Amino acid sequence: MKTELIVIGGGPAGMAAALSAREHGIKDILILERDSELGGILNQCIHNGFGLHTFKEELTGPEYAARYVQQIKEKEIPYFLDTMVIDVQGGDPCRVIAMNKDKGLFEIMCSAVILAMGCRERARGAMNIPGTRPSGIYAAGTAQFFVNREGKLPGKEVVILGSGDIGLIMARRMRLQGAKVKMVAEIMPYSGGLKRNIVQCLDDFDIPLKLSHTVVEIHGKSRVEGVTVAKVDENLIPIKGTEEYVSCDTVLFSCGLIPENELTVAAGAQMDLVTKGPVVNGRLETTAEGIFACGNVLHVHDLVDNVSKEAEEAGHYAAEYIKKKPSDWGEALRPKIPQKSKCILPNDRDTSKTLICIGCPVGCLITVIEENGELTVTGNTCAKGEAYARNEMTAPKRTVTSFIKVKQGIRPVVAVKTAEEIPKEKIRQCMEEIQRAFCTAPVSVGDVLVENVAQTGVAVVATANVTA
Amino acid sequence: MRDIVSRDREFDVLIVGAGVSGSAVARELSKKKINIAVLDKASDICEGTSKANSGIAHAGFDAKPGTLKAKLNIRGSQMMEQLAKELDFPYKRNGSLVLCFDETEIGKLEELKQRGTANGVEALEIINKEQILEMEPSVSSKVVAALHAPTGAIICPFGLNLALAENAVSNGVQFFLKTKVENIKKEDKGFEVITSKGSFRAKVIINAAGVYADKIHNMISMENDRLEITPRKGEYLLYDKKVGSMVSHTLFQLPTALGKGVLVTPTVHGNLLTGPTAVDGEDKDDAATTAEGVSLILQKAADSMERVPATDVITSFAGLRAHEKGGDFVIGEVNGVPGFFDVAGIESPGLTCAPAIGEYVASMISEYLQAEENKDFFGFRKDIAHMAQMTVQEQQKLIHGNPAYANVICRCEMITEGEICAAIHRPLGATTVDGIKRRTRAGMGRCQSGFCLPKVVEILARELGVSESEICKNEEGSVYLLPEEGGEG
């Protein structure tokens, strides 16, 4: 087999790179995706907050993915699903070996390759958390897959270690599904997640965030029975005497992401010890001839919008490369790595008048003063902030995201959201109705699955497609 | 009065424990015309000491000459390579080095060499610093000399245990898992064994119950012949394959006044392994790792290595060695209880000795039962096909026969659906996620099952015809998912 460009990975990076390469004149493109659908990890990120930069509106993960999938289909860019790439070699031509159930083991020659395999989570073992090794210990993303993609709940009483965004999002998810989330422990003195997620995932549900705390032991023989949590000193060493036993049947780890670069290393590309991704030049080309990289395989991004942007560049550069191979590689240029978010909510914040805006990832600290029935809002940096603050003081509202069971579909559940925000106090009732509901495949993005949920006048709509 | 035991629960020989010793004895005994069953309380074979150890086939210089350990080690070490070919489990003769870091202790190295030679270990030699660093450039520059044992080897502990047990099954041995022995009664012509799954009856009992061997022994032994097995915990750190080639030999440390030291070794699958610690405990089920253990291993490994790749640790685990205070294996007929044999106190080098223990014990039992040869015995076994270890042609052939071999489930170790299904459907097939892991390596890689766990659970449920919420990690109760209605909360 032969083609001009192979894109490894059909997640947000791979799809944006392929579309951009097509736009820049490359006709023969093939995307190789290991999952049974395009979309990558976005398919299980059913919460909202994606796309503010790319689409100027707030989307859920599956909705964000669906927009790219639609373009891939419109532009008729071919892709193989359930396909694992097992080897990539750079050169002129490059060579990719992959396999799937239909085609078996196959080799494709191409002029260029774009790596877009994403990243994986750091596992418990990598952190040397002592204790027993029962079931009930999951990487947060594994639990997210079980809940959001399969509609299954991994446990009832949860302790989460790590307050990165996945940990925070999963705290809310597990809670909405009926589990008790006992705490989120974070070894650092700040959270690595966004402020808006601390507000809407933890504060909204009174889930405690324990900063400068870590799990020092896991207990239980067959299934997790509890954890010992302790405070750590400034060197992150647990302080004797601060241990606290917390009973739970589930521990989720959300302790960082690592670019998944096994193929890259095997291709002989030089690696960057800082980003844990390959070394690239200004054209996002690795040191392996004809192999480009973008998205979380290059370095872990904070926002998917930034992944898409970088991937578009990679697609563009790969297209240029295919059309006219540059004479020399040039210089290594490390992509701009976003400053790791160090989120500290002011401790002595008077929550009755000082709010954290959840409108976007910035998380402005907004002060609302009431005088003679008039609200004065300060600290916001956009109009959305003012609207949020006024609402929050008078009638706080939230978008609820979850899943609804699907009959006769290729997947057991479909991701959903409330089409608009609903009053915060209606979340519980809304979830009850969502959990009782079911639909029959096929389901498409935007289909109304529950009307007038919790008598709010708002519909619950599908945010993903599930075919029959 | 004799309890009624159905005919299909009457055996010539009952072996208690499906670890590597019990399985080795079972396989060796299946060369004779006798009815054999193996009982184990766990949901799978290889769930005790056999699953958490160094995975070493020791050369045999360590044990005191004249002991059972010394004798069986040499024999086991000699048998292992051929056995690995016949039973198709991973084995690699990588050689071992005992590192010495103090000029004044080179004498001890010499003693060790003499002991090894007395035991019958071949080709031992003492080598100097330059020779060591040429062989192993990652070894600490503080090294002064080493004992080189070219016959040292590494094996897959699960592989050996599974191979022995599966071959035993092919030769007629029956395994009863999730069957806990609760009591043993002496009868006229043998024993009644009362278990959590009802009674069994046998002429001969072999006690290969690992850390629980004392409990089994003491069910039947005389008052003045009690056995005590101390669970001696050993913790390990396992590292990413990308640092697996930092060393090629198994590196031991010469014991000093400060203790026995830890080993640094490549595993037969290409990871790096350091450990074990040695702490005596009381709880026979306590295989928890500890913060102290982890830091001790890192600290001691740093004596052997110029740099310990601490950031590449992918998991830690602990095993319990079955230590008997005499320090040697306790193998033989129990005093005053004819027909009841102990295979107890099997601690290091127990894994190496397993094939020799099988041979040794089987000859005792055959003599006791006056057993005839089993002319139908077939001593070969083929492992599951491992895609990751095949040539492209072999891979293509396998996929052509069954496309499930093209569906990669565990991306870190490249384990396919075909391999997982094979692990479920072969004799003594996997019924748990850990069982899949030991047979195929799915979930053993750097992500530690983050991605493949949901898929493995799904395949197990599908192939076994049960719901996903019933799939366990290992023992009863170790489920991953709440039953469907649990999600309604």
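This one's a predicted model, so the numbers in the text were calculated from it and none came from an experiment.

Residues and elements named next belong to chain A. What the domain assignment lists for chain A is domain 1 (2-120 + 258-323), domain 2 (124-255), domain 3 (354-394) and domain 4 (401-462). Computed over C-alpha atoms only, the centres of domain 1 and domain 4 are separated by 32 Å. Between domain 1 and domain 4, the residue contacts involve 10 residues of the former and 7 residues of the latter. Carbon and sulfur atoms supply 64% of the area buried between domain 1 and domain 4, which totals about 610 Å² over both sides.

The next subject is the interface of chain A and chain B. Facing 42 residues of chain A, the contacting portion of chain B comprises 52 residues. A buried area of about 4000 Å², summed over both sides, lies between chain A and chain B, and 57% of it is on carbon and sulfur atoms. Together, Lys101, Leu105 and Arg133 of chain A form the three largest contributors to the area buried by chain A at its contact with chain B, with a combined 17%. Between chain A and chain B we count 5 salt bridges in total. Among the salt bridges present, the one from lysine 221 of chain A reaches glutamate 475 of chain B, with a minimum N-O distance of 2.7 Å. Sorting elements by how many residues they give to the side of chain A that touches chain B places helix α3 (residues 140-150) of chain A first, with 4 residues. Split by residue class, the side of chain A that touches chain B holds 15 nonpolar, 14 polar and 13 charged.

Right, let's talk about the sheet that holds strand β12 (residues 180-186) of chain A for a bit. Residue and element names in this part refer to chain A. Taken together, the 5 strands give an open sheet; going across it, the order is β10-β17-β11-β12-β13, and neighbouring strands pair in parallel fashion. Looking along the sheet, the strands with just one partner apiece sit at the ends: β10 (137-139) and β13 (209-211). Across the sheet, the mean angle from the axis of one strand to that of its neighbour is 20 degrees, orientation sign disregarded. As paired strands, β10 and strand β17 (residues 250-253) are joined by 3 bridges and run parallel to one another. Along β17, the bridge assignment pairs isoleucine 137 with valine 251. Contacting β10 and β17, α3 crosses the sheet at an angle of about 90 degrees to β10.

Moving on: helix α12 (residues 453-464) of chain B. Across its 12 residues, α12 of chain B extends 16 Å between first and last C-alpha, which sits within 8% of the 16 Å expected from 1.5 Å per residue. Listed in full, the buried residues belonging to α12 of chain B are Leu453, Pro454, Val456, Val457, Ile459, Leu460 and Ala461 of chain B. Among the structural elements, β10 and α3 of chain A together with β21 (408-410), α10 (417-425) and α11 (433-440) of chain B are those in contact with the buried residues of α12 of chain B. Where α12 of chain B terminates, the next one or two residues include glycine 465 of chain B, which has phi positive at roughly 70 degrees.

We now examine the packing of helix α1 (residues 20-29) of chain B against helix α5 (residues 157-170) of chain B. Residue and element names in this part refer to chain B. Here α1 crosses α5 at 35 degrees, and the two axes come no closer than 8 Å. Crossing angle aside, the handedness with which α1 passes α5 is left-handed. Contacts between α1 and α5 involve Val20, Ser23, Ala24, Ala26 and Arg27 from the former and Leu160, Asn161, Leu164, Ala165, Asn167 and Ala168 from the latter. Looking at the contact of α1 with α5, its residues break down into 7 nonpolar, 3 polar and 1 charged.

So, on to the domain arrangement of chain B. Many authors give the size of an interface as the accessible area that is lost as the parts come together. Residue and element names in this part refer to chain B. Under the domain assignment used here, chain B contains domain 1 (1-91 + 154-228 + 325-383), domain 2 (96-150 + 231-320) and domain 3 (387-481). Taken residue by residue, the interface counts 7 residues in domain 2 and 7 residues in domain 3. Between domain 2 and domain 3 lies a buried interface of about 550 Å² when both sides are counted; carbon and sulfur atoms form 41% of it. Between the two partners, domain 2 and domain 3, sit 2 salt bridges. For the salt bridge of aspartate 240 with arginine 446, the shortest nitrogen-to-oxygen distance reads 2.7 Å. Where domain 2 meets domain 3, there are 3 residue pairs in polar contact (both at pLDDT 80 or more). Here the side of domain 2 that touches domain 3 is composed, by residue class, of 1 nonpolar, 3 polar and 3 charged.

Turning our attention to the nonpolar core. Formed by 88 residues in total, the largest nonpolar core has its most connected members in Met174, Ile404 and Val414 of chain A together with Ile420, Ile436 and Val456 of chain B. Those residues within four positions of valine 414 of chain A in sequence are excluded, and the remaining contacts are Ser402, Phe403, Ile404, Val406, Cys439, Val443, Leu449, Ala462, Ala464 and Val466 of chain A.

Turning next to the sheet that holds strand β28 (residues 448-450) of chain A. All names here are of chain A. As summarised here, the arrangement of the 5 strands in space is β27-β24-β25-β29-β28, forming an open sheet in which the pairing is mixed. In the strand order of this sheet, the two ends are held by β27 (438-440) and β28, each with one partner. Taking each pair of neighbouring strands and ignoring which way they run, the sheet shows an average axis angle of 45 degrees. Note: strand β24 (residues 401-407) against β27, 3 bridges, orientation parallel. Bridged to lysine 407 within β27 is threonine 440.

Another point: the packing of helix α1 (residues 12-23) of chain A against helix α7 (residues 304-323) of chain A. All names here are of chain A. For the pair α1 and α7, the least separation of the axes is 7 Å and the interaxial angle reads 40 degrees. Here α7 runs oblique to α1, going by the angle between their axes. Between α1 and α7 lies a crossing whose hand is right-handed. Judged by residue contacts, Pro12, Ala13, Ala16, Ala17, Ser20 and Ala21 of α1 engage Val304, Val307, Ser308, Ala311, Glu312, Gly315, His316 and Ala319 from α7. Its residues assigned to classes, the contact of α1 with α7 comprises 9 nonpolar, 4 polar and 1 charged.

Another point: the confidence of the model for chain B. Per-residue confidence for chain B gives a mean pLDDT of 96; residues scoring 70 or more make up 98%. Under the prediction, the complex receives an ipTM of 0.94, its pTM being 0.95.

This part is about the side chain of aspartate 272 of chain A. Residue and element names in this part refer to chain A. Note that aspartate 272 resides in the loop between α6 (262-266) and β19 (291-293). Here valine 274 takes part through its backbone nitrogen, which lies 2.7 Å from a polar atom of the side chain of aspartate 272. Those residues in contact with aspartate 272 that sit more than four places away from it in its chain are Gly277, Pro278, Val279 and Arg334.

Applying the stated criterion across every chain, the model contains 14 aromatic pairs over all chains. Ring plane angle 85 degrees and centroid distance 6.1 Å describe the contact between tyrosine 138 of chain A and phenylalanine 146 of chain A, whose orientation is recorded as edge-to-face. A relative accessible area of 3% places tyrosine 138 of chain A in the buried class. Between the aromatic rings of phenylalanine 191 of chain B and phenylalanine 340 of chain B, the centroid separation amounts to 6.0 Å while the plane-to-plane angle is 65 degrees, which identifies the pairing as edge-to-face. Of this pair, phenylalanine 191 of chain B sits in strand β11 (residues 190-195) while phenylalanine 340 of chain B sits in strand β20 (residues 340-344), and the two are 149 residues apart along the sequence. In terms of burial, phenylalanine 191 of chain B and phenylalanine 340 of chain B fall into one category: buried. By way of ring pairs, the aromatic residues Phe55, Tyr64 and Tyr68 of chain A are connected into one cluster. The cationic tip of lysine 103 of chain A hangs over the ring face of phenylalanine 80 of chain A; the distance from NZ or CZ to the ring centre is 4.0 Å.

Analysis parameters
- Residues numbered from 1 in each chain as written.
- Chains lettered and ligands numbered in written order.
- Predicted model: local features only at pLDDT ≥ 70, side-chain atom pairs only at ≥ 80, totals over all residues.
- Heavy atoms only, no water.
- Domains from an automatic or database assignment.
- Contact = heavy atoms within 4.5 Å.
- Buried area = accessible area lost by both parts, 1.4 Å probe.
- Salt bridge = Lys/Arg side-chain N within 4 Å of Asp/Glu carboxyl O.
- Helix = DSSP H or I, 4+ residues; strand = E, 2+ residues; numbered from the N terminus.
- Nonpolar A, V, L, I, M, F, W, Y, C, P; charged D, E, K, R; others polar.
- Pairing = 2+ DSSP bridges.
- Axes fitted to C-alpha atoms, helices over the stretch in contact; angles between N-to-C directions.
- Expected span 1.5 Å × (residues − 1).
- Buried < 20%, exposed > 50% of the residue type's maximum accessible area, 1.4 Å probe, protein only.
- Left-handed = near helix turned anticlockwise from the far one by under 90°.
- Polar contact = N/O pair within 3.5 Å; in protein donor to acceptor, adjacent residues only side chain to side chain.
- Core = buried A, V, L, I, M, F, W, Y, C linked by side-chain atoms within 4.5 Å.
- Parallel < 35°, antiparallel > 145°, perpendicular 65-115°, else oblique.
- pLDDT = per-residue confidence, 0-100.
- Phe/Tyr/Trp six-rings, centres within 6.5 Å; stacked < 30°, edge-to-face > 60°.
- Lys NZ or Arg CZ within 6 Å of the ring centre and 35° of its normal.

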